[in-house]
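Working through the structure, step by step
Given next are the chains, with one letter for each unit.
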Amino acid sequence: MTEQLIVVYTMEGCPFCVMMKEELEKLDIPFISRDIDEEVEEYDLFVKAVDGNEFVPAFMIIETDGEKHKTKFFAPERDFHEIVDGVKIIKESYSSFN
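Note that the structure is predicted; figures quoted are calculated from it, not measured.

How each quantity is defined
Residues numbered from 1 in each chain as written. Predicted model: local features only at pLDDT ≥ 70, side-chain atom pairs only at ≥ 80, totals over all residues. Heavy atoms only, no water. Helix = DSSP H or I, 4+ residues; strand = E, 2+ residues; numbered from the N terminus. Rg over C-alpha atoms; globule rule 2.2 N^0.38 Å. Buried < 20%, exposed > 50% of the residue type's maximum accessible area, 1.4 Å probe, protein only. Contact = heavy atoms within 4.5 Å. Areas by Shrake-Rupley, 256 points an atom, 1.4 Å probe, with all protein chains shown as cover. Lys, Arg positive; Asp, Glu negative; His and termini not counted. Charge placed at Lys NZ, Arg CZ, Asp CG, Glu CD. pLDDT = per-residue confidence, 0-100. Polar contact = N/O pair within 3.5 Å; in protein donor to acceptor, adjacent residues only side chain to side chain. Expected span 1.5 Å × (residues − 1). Arc of directions from axis to C-beta. Salt bridge = Lys/Arg side-chain N within 4 Å of Asp/Glu carboxyl O.

Scanning the chain from terminus to terminus reveals three helices and four strands. Counting from the amino terminus, helix and strand elements in the chain follow one another as β-α-β-α-β-β-α. In summary, the chain has a C-alpha radius of gyration of 13 Å against a globular reference of 13 Å for 98 residues, a match within 12%. Once the C-alpha set of the chain is aligned to its principal axes, its extents read approximately 35 × 30 × 25 Å. Out of the 98 residues in the chain, the part that is buried amounts to 36%. Long-range pairs, those at least 24 residues apart, make up 62% of the contacts in the chain with a sequence separation of at least 6. For the chain, the computed accessible surface area is about 6,300 Å², with 51% contributed by carbon and sulfur atoms. Of the side-chain charges in the chain, 10 are positive and 23 negative, and the distance between the mean point of each set is 7 Å.

Chain-level statistics for the chain give a pLDDT mean of 93 and a share of 98% at 70 or above. When mean pLDDT is compared element by element in the chain, helix H1 (residues 15-26) scores highest at 97, while helix H3 (residues 83-97) scores lowest at 90.

By secondary structure assignment, the location of Gly86 is in helix H3. Judged by its relative accessible area of 0%, Gly86 falls in the buried class. For the pair Gly86 and Ile29, spaced 57 residues apart in sequence, the C-alpha to C-alpha distance is 13 Å.

With respect to the secondary-structure elements, Thr64 resides in strand S3 (residues 58-64). Its relative accessible area of 10% is what places Thr64 among the buried residues. Only 2.7 Å separates the side chain of Thr64 from the side chain of His69, close enough to count as a polar contact. Apart from the residues within four sequence positions on either side, Thr64 is in contact with Met1, Thr2, Glu3 and His69.

This part covers H1. With 12 residues, H1 should cover 16 Å at 1.5 Å per step; its first-to-last C-alpha distance of 16 Å lies within 8% of that length. Those residues of H1 not exposed but buried are Cys17, Met20 and Leu24. Each buried residue of H1 lies within a common arc of 65 degrees when the element is viewed along its axis, so the set occupies one face. Across H1 from its buried face, at more than 90 degrees, point the exposed residues Pro15, Glu25 and Lys26.

Before going further, it helps to examine the pattern of salt bridges. Applying the stated rule across the entire model yields five salt bridges. One salt bridge connects Glu39 with Arg34, and the closest N-O pair in it is separated by 3.2 Å. One salt bridge connects Arg34 with Glu42, and the closest N-O pair in it is separated by 2.5 Å.

In structure tokens:
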């Protein structure tokens with residue numbers, strides 16, 4: 001069985017991060033929230049994958065069948081400019097997967 005995970009990178013005090021998480025919750029889209037100040041090494045790897053973009057909220061969408069993994073990385077100002085656009089990317093991926 002294939003599974004999809006959505007990981008959203010946020011930081012405390014970030015109003016845009018709060019907006020993204022609230023929109024995903026309204027749409028009933030499950031996600032894992034990761035605070036970049038608590039998950040420093042993990043976020044550093046993410047930043048390398050998005051060519052040094054350190055803005056939040058950022059997210060990745062992981063699809064796995066338990067053996068193979070397909071990961072897509074999304075960062076603000078690189079892949080989307082408004083929170084609504086980032087949420088739309090997640091919503092479309094989630095809808096096409098389910």
